[in-house]
Amino acid sequence: MADRFAWLGFVFPGLWLLFHRCWLIGLAVLAAQLAAAWLTDQSGFFWAGTFSELALGLLIGLEGRQIVMRNLMAKGWTMVDVVAAPDLSTAEMMYFSNLPTETPKPAVPVTDWKNLSPPAQTTSRHGPALGLFDIGGGR
């Protein structure tokens, strides 16, 4: 996940957090946005509401991706590496070039099917088998 300014998080902070499944923080930010919008309607508090909305958008625009990462880590995701690169393709190239080149050992043991049992003995047949199964010439 790129650590950069989230423009949609700046313009729509509460909805952006809800879209990224940060439910509690998203609802809290949405409630703060509604409070700031209510404050702008009150006489004498227009600039207080406007600056509150701007500050909230700026906070989520700057720190929104960090909030999303912490939310994912709380759900069990792990951060494997941090790569500083100008774009996604360069970051992927840098990350995958540092991975070990060893071939992983299979988790399930490999069975040698040729040496599993003694060779089957051939029996003489008295004719073709009738049906699905060979009953060795009997009925």
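Above this note sits the structure.
Chemist: Explain the side chain of Q33 here, please?
Modeler: Residue position: Q33 is located in helix 3 (residues 23-41). What makes Q33 buried here is its relative accessible area of 14%. A polar contact of 3.0 Å, which involves the side chain of Q33, links it to the side chain of E53. Setting aside chain neighbours within four positions, we find Q33 in contact with P13, G14, E53 and L56.

Chemist: Got a minute to help me understand the layout of surface pockets in this structure?
Modeler: Empty pockets left among the atoms are what a rolling probe the size of a water molecule brings to light. Its volume calculated, the largest pocket comes out at about 890 Å³. Lining the largest pocket are 23 residues, and of these M1, A2, M69, D81 and V83 sit closest to its centre. Ranked by residue count, the leading element in the lining of the largest pocket is helix 5 (residues 88-97), at five residues.

Chemist: When you look at helix 4 (residues 46-74) in this model, what are you seeing that I'm missing?
Modeler: A turn of α-helix holds 3.6 residues, and therefore any two residues three or four places apart point the same way. E63 marks where helix 4 bends most, by close to 60°. Along helix 4, the positions that sit buried rather than exposed are G49, L56, G57, I60, G61, G64, R65 and V68. Taken together, the buried residues of helix 4 touch helix 1 (7-11), helix 2 (13-19) and helix 3. One or two residues past the end of helix 4 sits G76, with phi positive at roughly 115°.

Chemist: It is not clear to me how a nonpolar patch on the surface should be interpreted in this structure. Could you clarify?
Modeler: Together, L8, V11, F12 and L15 make up an exposed nonpolar region whose accessible area comes to about 400 Å². As for its position among the elements, L8 is in helix 1.

Chemist: Any chance you could explain the packing of aromatic side chains here in plain terms?
Modeler: Two measures describe an aromatic ring pair: the distance that separates the ring centres and the angle between the ring planes. Applying the stated criterion to the full structure yields six aromatic pairs. Here W7 and F10 contribute two aromatic rings whose centre-to-centre distance is 6.2 Å and whose plane-to-plane angle is 90°, an arrangement assigned as edge-to-face. Taken as a pair, W7 and F10 lie in helix 1 at a separation of three residues, close to a single helical turn. On the basis of relative accessible area, F10 is assigned to the partly exposed category, the value being 25%. Here F46 and W47 contribute two aromatic rings whose centre-to-centre distance is 5.1 Å and whose plane-to-plane angle is 80°, an arrangement assigned as edge-to-face. For F46, a relative accessible area of 43% gives the class partly exposed. Look at W47 and you get exposed, because its relative accessible area is 56%.

Definitions and cut-offs
- Residues numbered from 1 in each chain as written.
- Predicted model: local features only at pLDDT ≥ 70, side-chain atom pairs only at ≥ 80, totals over all residues.
- Heavy atoms only, no water.
- Helix = DSSP H or I, 4+ residues; strand = E, 2+ residues; numbered from the N terminus.
- Buried < 20%, exposed > 50% of the residue type's maximum accessible area, 1.4 Å probe, protein only.
- Polar contact = N/O pair within 3.5 Å; in protein donor to acceptor, adjacent residues only side chain to side chain.
- Contact = heavy atoms within 4.5 Å.
- 1 Å grid on protein atoms, 1.4 Å probe; cavity = no way out; pocket = protein on both sides within 12 Å on 5 of 7 lines; lining within 4 Å.
- Points joined across faces, edges and corners; volume = space filled by probe spheres on them.
- Bend = angle between axes of the 7 residues up to and from the residue.
- Patch = residues over 30% accessible without salt bridge, like charges linked within 9 Å, V, L, I, M, F, W, Y side chains within 5 Å.
- Areas by Shrake-Rupley, 256 points an atom, 1.4 Å probe, with all protein chains shown as cover.
- Salt bridge = Lys/Arg side-chain N within 4 Å of Asp/Glu carboxyl O.
- Phe/Tyr/Trp six-rings, centres within 6.5 Å; stacked < 30°, edge-to-face > 60°.

All we've got here are geometric facts, nothing functional implied.
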